[in-house]
Every structure is written in C-alpha cells, then in structure tokens.
Amino acid sequence: MSEKKNYTIEAVGRALSVMEALAERPDQGVTELSKTLGLTKSIVFRLLYTLEDRGFVFRDPDRASYSLGYRVAVLGERVGREGSLMHAAPTEMDKLRDLTGENVNLVMRDGLRSQVLATRQGTFPIRIFAEAGRYGPLHAGGASLLMLAYASEEVIDRVLSGVLEKFSHHTETDPESLRAIIERIREAGYHVAVNDLDDGAFSIAAPIRDAKGHVIAGISVAGAMARLNEATRAQYLTAVKSSADAISAKLSLTPNQE
C-alpha cells in the first residue's frame, strides 16, 4: 500500500496557526506565541513580520503585542458578500440568458479594477466577451463603468487621475467626459455601453444592491451591435433591471450584520 503524499507547506501552516492563535486570544507577544505554538521566537517573529507586512496582523508598538489586522476583516467581508451574491445570482442569470439569448455577466469592483464573478454564454453563435475571474478596467464596459459610478468619490478620483487605456476608437478617456457619464448613470440607474471595450459589441448593465441598499455588483447582457436596435434595447434593459432587482430582493432576505 503506497504512502499518502503530503502536499502541505509547513510555512503556510505555521502562518495560519499564528492567525488562529491571535483570533482566539488577541494581544499576544512573540514570546507568548512561541510558547503557545511550540515554535522558536525567531520563526514566530519572521511569521509575524510577514503577516504584518501584508496587513493580516497588527503590531501595537507600545505593548509589542499583535492582533489580527485589517486584511482579515476585508477577506471576511468579501466572503460574506460574494457568498450571498453567488447563491442568489445563478438562477436569475440563467433566466436572463434564456430570455435575451445574450451573454450574461456578473461583475464586482475590486479596488481600482472590475472583476467578472460569473458568466453565462448566450445562445447566439458569438464568442464570449468576458470570462469568470477576469479583471478589467473601471472606465469602460457596461457593468464596469456602472461599478465606478457607484464607488466612493475617492475611488472615482483615483481612477480618473490614473492611466485611462483606450480599448477601441469609442473608449472615453477624458476625465471630465467620464464624470458626466457617471452622473448620467447615477441618475438613470443603469448603463448602456456601446463599442467602448470591443468594436461591434454592446453591454447593458444594472446595479445589484445588498440589504442595506449599497451597490455591490452589476449584472449585464452583452452581445453584438448587429442585434441591438430600439426594440431590443428596451427589451434588454427591462430584463436586466428586473434581474438586478430580483437578485437584490434575494439579498435583502439575509441582511448583513452591522
């Protein structure tokens, strides 16, 4: 009988042990953690130094003690937010795809980028414009620019003061023009993007809100401009907004804790 292979990484396991120990009892110093974990002070110090550098632990300089850092809270918040969203969204994404025949994308903002959380391939013979896990810009694209519009002023300022890449001849890169678009998105409650990421493609997006009313994601249909006319635009917009509202309603049934 062959031996079971061990694929664990010892340093990672030790780092997690440090975080677990601080979660159970905050404000521990190197010596105390060393005794608790049965590791040398040198190893514990290096683990804490690395975790502190990444924001996973916080060092109190006055007491020379450590507690869990802000990154743990950020990850925990994202797990709760995305976990609930990914539970609520799939059925509505399927319905939207079946109703329109177009590609459906679920998008969130991650810092100064957009991230595609999930997609549904449309029934038309056309390539997928987005793939799950893909990062993209915030200044172009239906759901991406929608997420920028509902971000804080600090995020908007940082994006618009940075490098605004041009993806097609129709990509808007003038900061003041983008601010005007952002205002229109906020007033309308949706965004229709045409040719700004891919020539010959459109995207219609609406915001998804959590139980507190905060916009946490956007859902969109995307496809070829050849299929977008006045009638389909109105049909798709109604369908996208209904899907966003349906997902938001599901999220409101499991309110986030203060």
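For every chain, the first residue of its written sequence is number 1, and the numbers climb from 1 along that sequence. For this predicted model, a pLDDT threshold of at least 70 governs which residues receive local features, and a threshold of 80 or more governs which side-chain atom pairs are given and counted, while totals over whole chains, interfaces and linings are taken from all residues. Computation of side-chain values covers all heavy atoms of the structure but excludes hydrogens and water.

### Comments concerning unusual backbone geometry
Heads up, the rule is: The helix and strand labels rest on DSSP assignments: H or I over at least four residues marks a helix, E over at least two residues marks a strand, and numbering proceeds from the N terminus.
At aspartate 27, a position not held by glycine, the phi torsion is positive, near 60°. With respect to the helices, strands and loops of the structure, aspartate 27 is situated in the loop between α1 (10–24) and α2 (30–37). In this structure, asparagine 195 takes a positive phi of about 65° despite not being glycine.

### Regarding the pairing of strand β4 (residues 113–120)
To keep things clear, this is the line we draw: Residue exposure (1.4 Å probe, protein chains only): buried if accessible area is under 20% of the type maximum, exposed if over 50%, otherwise partly exposed. Strands qualify as paired when DSSP identifies two bridges or more between them.
In terms of burial, β4 is a largely internal element, seven of the eight residues being buried. Taken together, the seven bridges between strand β3 (residues 103–110) and β4 define a ladder with antiparallel strand orientation. Across the sheet, valine 107 pairs through a bridge with valine 116, a residue of β4. The antiparallel pairing of β3 with β4 creates a hairpin that spans two residues between the two strands, and glycine 111 there sits at a positive phi of about 70°. As paired elements, β4 and strand β5 (residues 135–136) share two bridges and run antiparallel to each other. Bridging across to β5, serine 114 finds its partner in glycine 136.

### A word on the sheet that holds strand β8 (residues 215–224)
In spatial order, the strands read β5-β4-β3-β8-β7-β6; together these six strands make up an open sheet with antiparallel pairing. Here the strands that pair on one side only, and so sit at the sheet edges, are β5 and β6 (191–194). When strand β7 (residues 201–209) meets β8, the two strands line up antiparallel, connected through nine bridges. Looking at the pairing, isoleucine 204 lines up with valine 221 of β8.

### Side note on a nonpolar patch on the surface
Spelled out, the test is: Candidates for patches are residues over 30% relative accessible area with no salt bridge; among them, like charges are joined within 9 Å and nonpolar side chains (Val, Leu, Ile, Met, Phe, Trp, Tyr) within 5 Å. The Shrake-Rupley method, run with a 1.4 Å probe sphere, supplies the accessible areas, and residue values consider only the shown protein chains as cover. The term salt bridge refers to a pairing of a side-chain nitrogen on Lys or Arg with a carboxyl oxygen on Asp or Glu at a separation within 4 Å.
A cluster of nonpolar side chains, Ile9, Val12 and Leu16, forms an exposed patch at the surface whose accessible area comes to about 280 Å². Residue placement: isoleucine 9 occurs in the segment before α1.

### Remarks on the pattern of salt bridges
Two side chains bearing opposite charge may form a pair once their charged atoms approach each other closely. Across all of its chains, the model carries 12 salt bridges by this definition. Notably, a salt bridge pairs arginine 186 with glutamate 153, separated by 3.1 Å at the nearest N-O pair. Placement of arginine 186 in helix α7 (residues 175–188) and of glutamate 153 in helix α6 (residues 153–160) is noted, with a sequence separation of 33 residues between them. Given a relative accessible area of 30%, arginine 186 falls into the partly exposed group. For glutamate 153, a relative accessible area of 42% translates into the label partly exposed.

### A closer look at the packing of aromatic side chains
For the record, the criterion: Classification of ring pairs uses Phe, Tyr and Trp, with its six-membered ring standing for Trp, and accepts pairs whose centres are within 6.5 Å; under 30 degrees between planes counts as stacked, over 60 as edge-to-face, and the remaining range as tilted. Two thresholds decide whether a charge sits over a ring: the Lys NZ or Arg CZ must be within 6 Å of the ring centre and within 35 degrees of the ring normal.
A full pass over the atoms with the stated rule returns two aromatic pairs. Measuring from ring centre to ring centre gives 6.3 Å for phenylalanine 45 and tyrosine 49, while their planes differ by 35°; the resulting arrangement is tilted. Remark: tyrosine 49 and phenylalanine 45 occur in helix α3 (residues 41–53); sequence separation between them is four residues, near one turn of the helix. Relative accessible area serves as the criterion here: at 54%, tyrosine 49 is assigned to the exposed category. Between phenylalanine 202 and tyrosine 236, the ring centres sit 6.0 Å apart and the planes meet at 20°, which makes this aromatic pair stacked. Here phenylalanine 202, found in strand β7, pairs with tyrosine 236, found in helix α8 (residues 230–252); they are 34 residues apart in sequence, far enough to count as distant. According to the relative accessible area criterion, tyrosine 236 is buried, its value standing at 4%. The ring of tyrosine 135 carries arginine 113 above its face, with NZ or CZ at 3.6 Å from the centroid.

### Section: helix α5 (residues 142–149)
With respect to burial, α5 is a largely interior element, eight of its eight residues being buried. Listed in full, the buried residues belonging to α5 are Gly142, Ala143, Ser144, Leu145, Leu146, Met147, Leu148 and Ala149.

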